[in-house]
Amino acid sequence: MSLRNVLIFSALASTAALAQQPLSIPLVKADLSKPDAAAAVWGSAPAALNVMLMGQPMITPRPETTSTAEVKVQAVHDGTRVAFLLTWKDPEVSEAGPLGKFSDAVAIQFPVKESDVPPPVMMGAKDLPVHIFHWRAQYQRDAERGKPTPKDLYPNLNVDMYPMEFKDMGALPAKGDAERDPYSPGRATGNPQAYAKSGVDEIIAEGFSTSSVQEGHGSLAKGTWANGEWRVVIVRPLKSEGGNVLAPGGKTFLGFAVWQGGQGEVGSRKCVTMMWTPAELGK
Amino acid sequence: MTVKNWQIKRDMAYPYEEHRPRKQWAIVFDLNKCIACQTCTLACKTTWTSARGQEYMFWNNVETKPYGGYPLAWDLRVLERLGRQDWAKNGTYGGKTIFESAPANERALHWAPSDEDWMYPNVGEDDCAGGSVGAGGAAFTTMPHDKWFFYLPRTCAHCTYPACLAACPRKAIYKREQDGIVLIDQSRCKGYGECVRACPYKKSMYNPYTRVSEKCVGCYPAVEQGIQPQCVVNCIGKIRIMGFISPPWAARDDNPVDYLVHKKGLALPYYPQLGLEPNIYYIPPMHADRAYLAQMFGPQAEGAIARYRELAKDPVAQGLMVLMGSTDRIIHSFKVEKGEATGFNEAGAELTRVPVTEPVVERAAWDEGASATRHNTP
């Protein structure tokens, strides 16, 4: 980290420390099984907490500017699930697809181990893992309209044939994905990227470069964009095996990150919280 | 970190420590012989990139210099960003590499190609440079001969200091200890495209179907069995040889790649000034513009051509040149004696033996035995 960034970091961390309030997550009687940004519960929930973000300053590649300076956060729980409503300004919808097009996205991060001292806010550290719920507009598109084929992305694309997929199969028995996938190494190696997604990824990380997508533990997400603003609801069970565990009446810490695909943000090019937001669950 | 880069004859900055693999995959190409038949391109394509999302992907390509490029103007665009840089008189690179000139927020100086840039694999094919129609370019009447072009076959260079590996924030790219082949971990890549952006040779490519980046794998399954890559063994012009290169301080005279690169100085890395220590080496084309070749291959280009012209006086080098394309196996060592060149595998067993000069046989036009006229066909 350069001296300039150290200075920015310290300045921001100290102001954020002054400004940062805990997020209250009340117990509510509402159906949280379906993520819905328009649900009535958000009208009666405590007012949104404004959480400051800044362009990720720690590791390269970094964004040049802070494209998203603030994310508004509301949260409620029903004793078994917790739901977060995350709102931020973004002038356009970006769903990725072709080369060089990236997706709008948001992530909430929790410490895995219960402790009064949370792990480093920048994705944890060795033996101090964090549990991340990562929503991408691109993955929501998968769920709503199907994972795009090359023909969807490039309508004028022309190709003679694909392996195991000929116009005239002749005497060959019909082939399925199992026979075709060896030709697509991303799929053959089981990379979750290469398959249709539901909208939200669960990730465990122990520091930068270590994030690893886990099998789903029942989290759901749904985003809607209108009037230059994304409203995304992420719902997760309070308890998750191997991940962060919440309980009514308990406390935890939250970290946030936002990506504006239209600004070329992806991976480490993102805006992040520089410190944890404490949160308290009602009972 | 500071690492040693022998191609620019100096230490340089790189995000990771210097760590040379036990062996380093390398290909030498004789550009004087390439006819751009694209057999290598198709050999690669049919082997590796025939599936969805790879429709426009050529891990091996052949482009026509100076105008062709896949993606478009990949070379000009990185050179333009680098700006004018100079080599010192003693052959040391005095300019900055792409790592040393990286902006504060980035790991390398780079540019992001767009989809359109990949859609014309060989624009400018066979267009001559030099001279001018009327006042300007590529005239067919200007003398003396100043029209030139050449074909440049390219694979991933499995660099000693890969920019793709340096740029990946997920550390999903690794360089293999056993052969120096650089691979993108297909199970860890998340398709951020940082490698596509960072590789100045533009040999990382994005697959929009698997949403993961891919690149030339050096035909590692073949290499593990002692077999040369598909693009090499399918080269009908026999312009290529794949082997393992040593750094100059450990070069062996009986290693074909070491001999061509280090001992004879015939084959040169391309754009060494970018600082990646790429491991594909080219014998420069004799008839192309020398200033252009100096830009592409560095200050050694002139000397390499002069030595190539003297090849007939060196039976060992001549023998080695005929070993190119004479076996699909990887030649670890070779010898030339009594008019024969022999290639050996790692264990020292003979792989192939070829005459340095094909014997000339004169026969009568009329074949008495067959009562037929002989034709001059093999």
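Let us look at the structure shown here.

Calculation rules
- Residues numbered from 1 in each chain as written.
- Chains lettered and ligands numbered in written order.
- Predicted model: local features only at pLDDT ≥ 70, side-chain atom pairs only at ≥ 80, totals over all residues.
- Heavy atoms only, no water.
- Contact = heavy atoms within 4.5 Å.
- Salt bridge = Lys/Arg side-chain N within 4 Å of Asp/Glu carboxyl O.
- Polar contact = N/O pair within 3.5 Å; in protein donor to acceptor, adjacent residues only side chain to side chain.
- Helix = DSSP H or I, 4+ residues; strand = E, 2+ residues; numbered from the N terminus.
- Nonpolar A, V, L, I, M, F, W, Y, C, P; charged D, E, K, R; others polar.
- Buried < 20%, exposed > 50% of the residue type's maximum accessible area, 1.4 Å probe, protein only.
- Arc of directions from axis to C-beta.
- Pairing = 2+ DSSP bridges.
- 1 Å grid on protein atoms, 1.4 Å probe; cavity = no way out; pocket = protein on both sides within 12 Å on 5 of 7 lines; lining within 4 Å.
- Points joined across faces, edges and corners; volume = space filled by probe spheres on them.

Moving on: the interface of chain B and chain A. Contact residues are listed per partner, giving 38 residues for chain B and 50 residues for chain A. Inspection of the chain B/chain A interface yields 4 salt bridges. Its salt-bridge partner being Glu 106 of chain B, residue Arg 269 of chain A comes within 2.7 Å of it at the nearest N-O pair. The tally of links between chain B and chain A comes to 21 residue pairs in polar contact (both at pLDDT 80 or more). Residue contributions to the side of chain B that touches chain A peak at 3 residues, all from helix H4 (residues 194-198) of chain B. Residues belonging to the side of chain B that touches chain A are distributed by class as follows: 15 nonpolar, 10 polar and 13 charged.

This paragraph deals with helix H2 (residues 74-82) of chain B. Residue and element names in this part refer to chain B. By the burial criterion, the buried members of H2 are Trp 74, Asp 75, Val 78, Leu 79 and Leu 82. For H2, the angular spread of the buried residues around the axis is 120°, confining them to a single face. Note on H2: the residue one or two positions beyond its end, Gly 83, has a positive phi of about 75°.

Residue and element names in this part refer to chain A. In terms of burial, strand S5 (residues 81-89) is a largely internal element, 7 of the 9 residues being buried. Two elements, strand S4 (residues 70-77) and S5, share 6 bridges in a ladder whose sense is antiparallel. Note on S5: the bridge partner recorded for Val 73 is Leu 86.

A separate point is the layout of surface pockets. Taken as a whole, the largest pocket encloses approximately 400 Å³ of empty space. Surrounding the largest pocket, 20 residues form its lining, Pro 185 of chain A together with Trp 48, Gln 186, Val 217 and Tyr 220 of chain B being those nearest its centre. For the lining of the largest pocket, the elements supplying multiple residues, two or more each, are helix H1 (39-48), strand S7 (182-184) and strand S9 (212-215) of chain B. Looking at the lining of the largest pocket residue by residue, the classes come out as 10 nonpolar, 7 polar and 3 charged.

In this section: unusual backbone geometry. Residue and element names in this part refer to chain B. The omega torsion of the bond from Lys 65 to Pro 66 falls at 10°, within 30 degrees of zero and hence cis. Along the chain, Pro 66 turns up in the loop between strand S4 (61-65) and H2. Phi is positive for Ala 73, which is not a glycine, with a value near 55°. The residue Ala 73 is located in the loop between S4 and H2 in this model. The residue Glu 277 is not glycine, and still its phi comes out positive at about 50°. Here Glu 277 is to be found in the loop between strand S11 (268-269) and strand S12 (280-283).

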